[in-house]
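Structure assessment
Given next are the chains, with one letter for each unit.
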Protein chains: 2
Amino acid sequence: MGVKRIAILGSTGSIGVSALDVVAAHPDRFRVVALAAGTQVRRVIEQARRFRPEVVAMGDEASARAVRRELAGEPVEILSGADGVERVGGWESADLILSAMVGAVGLRPTLAALRAGKDVALANKECLVISGALFMDAARRSGSRIIPVDSEHSAIFQALYNGQRAALTLRPDEGDLHPQIRLILTASGGPFRGWGRERLAGVTPEQALAHPNWNMGRKITIDSATCMNKGLEVIEAHHLFGVPAARIAVVVHPESIVHSLVAYPDGSMLAQMGMPDMRTPIAVALAWPERISAPVAALDLPALGTLTFAGPPDAEAFPCLPLAYRALQQGGTAPTVLNGANEVAVEAFLDHRIGFLDIPRLIQATLEQTAPGGMNTVEELLEADRWARVCARDWIGRHGSGSRA
Amino acid sequence: MGVKRIAILGSTGSIGVSALDVVAAHPDRFRVVALAAGTQVRRVIEQARRFRPEVVAMGDEASARAVRRELAGEPVEILSGADGVERVGGWESADLILSAMVGAVGLRPTLAALRAGKDVALANKECLVISGALFMDAARRSGSRIIPVDSEHSAIFQALYNGQRAALTLRPDEGDLHPQIRLILTASGGPFRGWGRERLAGVTPEQALAHPNWNMGRKITIDSATCMNKGLEVIEAHHLFGVPAARIAVVVHPESIVHSLVAYPDGSMLAQMGMPDMRTPIAVALAWPERISAPVAALDLPALGTLTFAGPPDAEAFPCLPLAYRALQQGGTAPTVLNGANEVAVEAFLDHRIGFLDIPRLIQATLEQTAPGGMNTVEELLEADRWARVCARDWIGRHGSGSRA
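Each chain has its residues counted from 1, following the order in which its sequence is written. Whichever chain is written first is A, and whichever ligand is written first is 1; the rest continue in order. Per-residue local features of the predicted model are confined to residues with pLDDT of at least 70, and side-chain atom pairs are confined, for both listing and counting, to 80 or more; whole-chain, interface and lining totals are unaffected and use all residues. As a convention, hydrogens and water are excluded, and side-chain values are obtained from all of the structure's heavy atoms.

**A word on the relation of the copies chain A and chain B**
Under the fitted operation, chain A is carried onto chain B by 0.0 Å of movement along the axis and a turn of 180°, and the coordinates agree to an RMSD of 0.0 Å. When the rotation and shift are considered jointly, the pair of chain copies conforms to a two-fold rotation axis. Only heavy atoms matter for contacts: two residues are in contact if any of them lie within 4.5 Å across the pair. A high fraction, 100%, of the interface residues of chain A reappear at the interface in chain B, so the copies pair face to face through one surface. Copies are brought into register by a least-squares superposition over C-alpha atoms of residues with pLDDT of at least 70 in both.

**Details of the confidence of the model for chain A**
Residue and element names in this part refer to chain A. Confidence in the prediction for chain A averages 92 pLDDT; 93% of positions are at 70 or higher. pLDDT is a residue-level measure of predictor confidence that goes from 0 to 100. The low-confidence segment residues 169-178 (pLDDT under 50) makes 29 contacts with residues lying over four places distant or belonging to another chain. Quick note on the complex model: pTM equals 0.94, ipTM equals 0.93.

**Points about the pairing of strand β9 (residues 248-252) of chain A**
Residues and elements named next belong to chain A. Only protein chains enter the calculation, and the probe is 1.4 Å; a residue is then buried if its accessible area is under 20% of its type maximum, exposed if over 50%, and partly exposed in between. Only DSSP runs of H or I covering at least 4 residues are called helices, and only runs of E covering at least 2 are called strands; the numbering of each starts at the N terminus. β9 sits mainly inside the fold: four of its five residues count as buried. In the sheet, strand β8 (residues 182-187) pairs with β9 via five bridges, with the strands oriented parallel. What sits directly across from Leu183, in β9, is Ile248. Strand pairing requires that DSSP identify at least two bridges connecting the strands.

**Remarks on the packing of aromatic side chains**
What counts as a ring pair is set by centres within 6.5 Å for rings of Phe, Tyr and Trp (its six-membered ring), and what kind of pair is set by the plane angle: stacked under 30 degrees, edge-to-face over 60, tilted for all other angles. Within this structure, the stated rule accounts for 10 aromatic pairs over all chains. Between A:Phe192 and A:Trp195, the aromatic rings sit 4.7 Å apart at their centres with planes inclined by 50°, giving tilted as the arrangement. Across this residue pair, the class does not change: A:Phe192 and A:Trp195 are buried. The interplanar angle of 70° and the centroid separation of 5.6 Å between the aromatic rings of A:Phe349 and A:Phe356 together place this pair among those described as edge-to-face. Note on accessibility: A:Phe349 and A:Phe356 belong to one class, buried. Two limits define a charge over a ring: the Lys NZ or Arg CZ must be within 6 Å of the ring centre, and within 35 degrees of the ring normal. Between the NZ or CZ atom of A:Arg199 and the centre of the ring of A:Trp195, over which it lies, the distance is 3.6 Å. The positively charged end of B:Arg291 is found above the aromatic ring belonging to A:Tyr264, 3.9 Å away from the centroid.

**Notes on the packing of helix α5 (residues 107-115) of chain B against helix α7 (residues 132-142) of chain B**
A pair of packed helices is captured by two measures, namely the crossing angle of their axes and the spacing between those axes. All names here are of chain B. Fitted lines through C-alpha atoms serve as axes, helices being fitted only where they are in contact, and the angles separating the N-to-C directions of these axes extend from 0 to 180 degrees. At a minimum axis distance of 8 Å, the contact between α5 and α7 shows a crossing angle of 25°. Taken together, the axes of α5 and α7 are roughly parallel relative to one another. Contact residues: Leu107, Thr110, Leu111, Leu114 and Arg115 in α5; Leu134, Phe135, Ala138, Ala139 and Ser142 in α7. Throughout this entry, Asp, Glu, Lys and Arg are counted as charged residues, while Ala, Val, Leu, Ile, Met, Phe, Trp, Tyr, Cys and Pro are counted as nonpolar. The remaining residues, Gly among them, count as polar. For the contact of α5 with α7, the class distribution of residues is seven nonpolar, two polar and one charged. Any angle that is under 35 degrees is reported as roughly parallel, and any over 145 degrees as roughly antiparallel; angles of 65 to 115 degrees are reported as roughly perpendicular and all others as oblique.

**Digging into the interface of chain A and chain B**
Buried accessible area, meaning the area lost when the parts come together, often serves as the stated size of an interface. Listed by partner, the interface residues are 43 residues for chain A and 43 residues for chain B. Summed over both partners, the interface of chain A with chain B comes to about 3800 Å²; 56% of that surface belongs to carbon and sulfur atoms. What makes a salt bridge here is a side-chain nitrogen of Lys or Arg within 4 Å of a carboxyl oxygen of Asp or Glu, nothing more. Our enumeration of links across chain A and chain B arrives at two salt bridges. Ionic pairing is found between B:Asp266 and A:Arg291, a salt bridge with its closest N-O pair at 3.0 Å. What qualifies as a polar contact is a pair of N or O atoms within 3.5 Å, subject to a donor-acceptor requirement within protein and to the restriction that residues adjacent in sequence count only when both atoms come from side chains. Counting across the interface, chain A meets chain B through 22 residue pairs in polar contact (both at pLDDT 80 or more). At the level of secondary structure, the elements contributing two or more residues to the side of chain A that touches chain B comprise α7 (151-161), β10 (258-263), β11 (269-273), α12 (279-287), α13 (301-304) and β12 (306-308) of chain A. Broken down by element, the side of chain A that touches chain B gets its largest block of residues, five residues, from β11(A). Per-class residue counts for the side of chain A that touches chain B are 23 nonpolar, 15 polar and five charged. Pairing between β12(A) and strand β12 (residues 306-308) of chain B: three bridges, direction antiparallel. Within β12(B), the position partnered with A:Thr306 by the bridge is B:Thr308. As a working definition, buried area equals the accessible area (1.4 Å probe) given up by two parts on being put together, with both sides summed.

Below you can see the structure in the form of structure tokens.
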């Protein structure tokens, strides 16, 4: 292949930094043409000096000014604010946009990439959780391919489309594949796997922040402890692969080695495995449909010895997963509301304002107050998100501040 | 897709019968146009009445006469002998030939299929073990696709080429894939997994015929006990996928659920899993690149609970596997000689004429007597095969008859 020109939305975050590691190891294959970041001025300047992009966008004008000062005289354009970041998303000379900003701030620039017909390596969860239908529709219209970076979705993507350039333009419900595939997402089960409600009621943020397999941020670590992370992944998988919720299952797999599976009606299952290291799915997404080396330890199955599997998390102890299925079945903006309420709930839990089991209670109450709306524009979605947060904060005002059961 | 027209070489054997089961469940997708069998007259007549092929070929003239008598007046051509079976292999109206005859008798009709540019679902092991280079060369010249039916190779094939029409015309060493893939064949380890040489020396044919996972014939059951089956599979995988022996590993996996794996340089492994039931790889091969339903129980990972893996079989206790690697590295007709010597050895072991550990001894002695020859024609290969058998029988004459250590 020729050199692939890459734009990175969120270059200073964990995914962005890992992606630049992978890119740096393959100067013959990749060229970084655009970077976007929030406010980490020092790190962006280093990255710009090293990778010499055509453009850098910073989340605010103060950061942009600092970068501009430092890089004065260098042949790089410095943009700022949401508009600047959005321009990086649709940056003309880029072949592939890595969407790795965290949160709703990633929506617009990623949509810009899809509308410009760029391929998107998607690490931002909100694009699919908040606005899956809108995003997939934009990709189909422009012919963009979305290559997931999340390890579970990367696993399914690899199992379905290994080596295929067409990838997601061939959707299971429209294309060549048999409509009766099932997706099986694996879940570590989190640190409280097997716990009952009584024990979970007393869980503290400190306990929940000790997750066994992946090195993750605080929000996603709590999502892993409540199993909401798996619920959000079910929603994402539904949109990415066009498979209805009824044919997406969750299986507990504590070792986090089998990252997910696809089951075919002929009795065959295809699985992707690997060490839990994000540089693998990043390298897969950047090089797709080819393969490149990545600085990741090879999986040694004999050394590992055993892989174990168990049924899905107990619905009574971990209601966040059934809540996500319910929101997906409600459709419209219900997953948007689920996500907004969950973010507020996790923040309140981390601040000791609500208990562990209040997280699903708050989400359920918020979903019940909401009639699922349409999702035709990013504005509608952000409005639903805002409304969910208002409802959720209101619930905390009424129930929160240390209530524990 | 339209209706796929199928010819079956070996319709009365275990693979042939299972394939007709799968075909019968999908009358809208498949039509059987040609059958070839050895001498099982009754079964062929039933099959011909049910599937109404254009032609039936029987291995000998007496069987053909019996079939002809029974099917007189029906619109079916009855052929006989090696030439008749070879005509079925290249049968003009067929889209796909299932090569499921056991042994060297499958070589000529399968080669006829490849030379006629037909796609071949390959269940015959000898085509690749005895004559891999010749067969792959014929496939490349004509553009035939070879879709393996053996569960391990089907697993690797699915992992590499899932959903791709091009399949084996894209070879790892020539095409799109990174040259640094590694193949990992799983092995049940056989009934004597973990045994040492002392204990193995006393193994009887009766003990060896009790294999845990698959319902197989006697010859292949012994091959599984000596681990020669895995050695033959390494040779087959080398030819099918164009991967050198040094990048093909064997891992013991007693449950026989993960049928094999492909490892990529980015740390990703793709595996195919399923219940040990040949109807899955048969359905995969017949429908390729689409997927169909097959009457096979879906794999239930939580019910299964655990998958275990261990290093390759101990080379000292199971020398057949290193012998196969050695033959592959010697090249030319060395694998042909290995295979011929093994067949003679297994037969002698089943007849109580040699001991269990004499099997690798005999093979090694035969390989050491042989200079690897060229493999340009089927005749050269069959000559090497005959010569190996002569040497092997000679060895038994000198060492056999109940020698046990």
